[in-house]
Amino acid sequence: MVHDEQLRCLVKEACGHQPGSPQRQKLLTQIIRLTASRLWRESTPYYQDALQQTWLYFCRNVCEGLTGQIYDPTHGSVITWLNAYLKRRLQDFYLNQNREQATIVPLRIHQSTSGGTSETIDPVDNLPASPQAPPILENLEIWARTDSDGELRATHIKGHPDVNCQVLILKRLPPEVSWRELSEEFGLSIPTLSSFYQRQCLPRLRKFAELEGLL
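Because the structure is predicted, anything quoted here is derived from the model rather than measured.

A.B. asks: Requested: an account of the state of the cysteines, with residues and values cited.
C.D. replies: In the structure shown here, the tally under the stated rule is 2 disulfides. Between the sulfur atoms of cysteine 15 and its disulfide mate cysteine 63 the distance is 2.0 Å. Linking cysteine 15 and cysteine 63, the disulfide has an S-S dihedral of approximately -85 degrees and is accordingly described as left-handed. One end of the pair, cysteine 15, is in helix α1 (residues 4–15); the other, cysteine 63, is in the loop between α3 (47–61) and α4 (78–103), and 48 residues separate them in sequence. Across the disulfide, cysteine 165 is cross-linked to cysteine 201 (sulfur-sulfur distance 2.4 Å). With the S-S bond torsion at -90 degrees, the cross-link from cysteine 165 to cysteine 201 turns out left-handed. Of this pair, cysteine 165 sits in helix α7 (residues 165–172) while cysteine 201 sits in helix α9 (residues 190–211); the two residues are 36 residues apart in sequence, bridging distant segments of the chain. Judged by its relative accessible area of 0%, cysteine 165 falls in the buried class. Cysteine 201 sits in the buried class, given a relative accessible area of 0%.

Laid out in structure tokens, this is it:
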């Protein structure tokens, strides 16, 4: 098991690199992998949503504090910090669910169709999705950054393991980095990068979006 001191060192090293740089992304991904098994777990239906929000919070606040309090190592370990946030999100989901159950009265409406048959409609089916659901882009970012099976990192341009689907997908998520900038950064032509992205990265991105019901 990784020690808190090791994690603290990795965080310090990650924050020493520029935001959005491949070096920082690589280290943040490493920290996510090392901490995942030590986070609070429970078998509630909204746990995965809360966990995704926690990873996004981590990526945005561990170095810069973009959407919340910046991580302060003097106040505790990364695990403690993430668990505190995760439990708050779980509590939010729990309270929201209870509030919805208290206000929604099961109601079935029998509606006659033009053919004379009776159709049962459940108004709950027509309710908008809970506002707590993470936005599509956040889901995509977390999926690409965690790369749980390592497939995105393993799929790279021949001879350039650093130019892989994980890096390119993260770079192309809004606000996207232009192909010209990526060409200069990696020393590869725009057609080479673009063609690889279209052939290898987009199908994987599309497959994830379909599985998540985003497409």
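A.B. asks: Quick one: what's the story with the layout of surface pockets, residue by residue and with numbers?
C.D. replies: By volume, the largest pocket is sized at about 630 Å³. Lining of the largest pocket is provided by 23 residues; of these, Trp143, Thr146, Asp147, Ser148 and Asp149 occupy positions nearest its centre. Elements that contribute at least two residues to the lining of the largest pocket include exactly α2 (22–36), α3, α5 (136–146), α6 (151–154) and α9. Class assignment of the residues belonging to the lining of the largest pocket gives a composition of 12 nonpolar, 4 polar and 7 charged.

A.B. asks: Quick rundown of the packing of aromatic side chains? Include the residues and the values.
C.D. replies: Considering all chains together, one arrives at 7 aromatic pairs under this definition. Seen from their ring centres, tryptophan 179 and tyrosine 197 are 5.4 Å apart, and the 70 degrees between their planes marks the pair as edge-to-face. With a gap of 18 residues between them, tryptophan 179 in helix α8 (residues 179–186) and tyrosine 197 in helix α9 connect regions that are remote in the sequence. Relative accessible area serves as the criterion here: at 16%, tryptophan 179 is assigned to the buried category. Following the ring pairs from residue to residue traces out a cluster consisting of Trp55, Tyr57, Phe58, Tyr71, Trp81 and Tyr85. We note arginine 89 situated over the ring of tyrosine 85; from NZ or CZ to the ring centre the distance is 4.6 Å.

A.B. asks: I'd love a proper account of the nonpolar core, names of residues and values included.
C.D. replies: In terms of nonpolar packing, the biggest core is built from 30 residues, with Phe58 and Val62 touching the most fellow members. Counting only elements with at least two residues in this core, the list comes to α1, α2, α3 and α4. In contact with phenylalanine 58, other than residues within four places in its own chain, are Leu28, Ile31, Ile32, Val78, Trp81 and Leu82. Counting residues in hydrophobic clusters, the runner-up holds 23 residues, among them Ala144, Val167, Leu168 and Leu182.

A.B. asks: Pulling in residues and values, what's your account of the pattern of salt bridges?
C.D. replies: By the definition in use, this model includes 9 salt bridges. Where glutamate 141 meets arginine 145, a salt bridge forms, and the shortest distance between an N and an O atom there is 3.2 Å. Note that glutamate 141 and arginine 145 are positioned in helix α5 at a spacing of 4 residues, about one turn of the helix. What makes glutamate 141 buried here is its relative accessible area of 14%. Judged by its relative accessible area of 9%, arginine 145 is buried. Several salt bridges share partner residues, and in doing so they unite Arg60, Glu141 and Arg145 into one network.

Calculation rules
- Residues numbered from 1 in each chain as written.
- Predicted model: local features only at pLDDT ≥ 70, side-chain atom pairs only at ≥ 80, totals over all residues.
- Heavy atoms only, no water.
- Disulfide = S-S within 2.5 Å.
- Helix = DSSP H or I, 4+ residues; strand = E, 2+ residues; numbered from the N terminus.
- Buried < 20%, exposed > 50% of the residue type's maximum accessible area, 1.4 Å probe, protein only.
- 1 Å grid on protein atoms, 1.4 Å probe; cavity = no way out; pocket = protein on both sides within 12 Å on 5 of 7 lines; lining within 4 Å.
- Points joined across faces, edges and corners; volume = space filled by probe spheres on them.
- Nonpolar A, V, L, I, M, F, W, Y, C, P; charged D, E, K, R; others polar.
- Phe/Tyr/Trp six-rings, centres within 6.5 Å; stacked < 30°, edge-to-face > 60°.
- Lys NZ or Arg CZ within 6 Å of the ring centre and 35° of its normal.
- Core = buried A, V, L, I, M, F, W, Y, C linked by side-chain atoms within 4.5 Å.
- Contact = heavy atoms within 4.5 Å.
- Salt bridge = Lys/Arg side-chain N within 4 Å of Asp/Glu carboxyl O.

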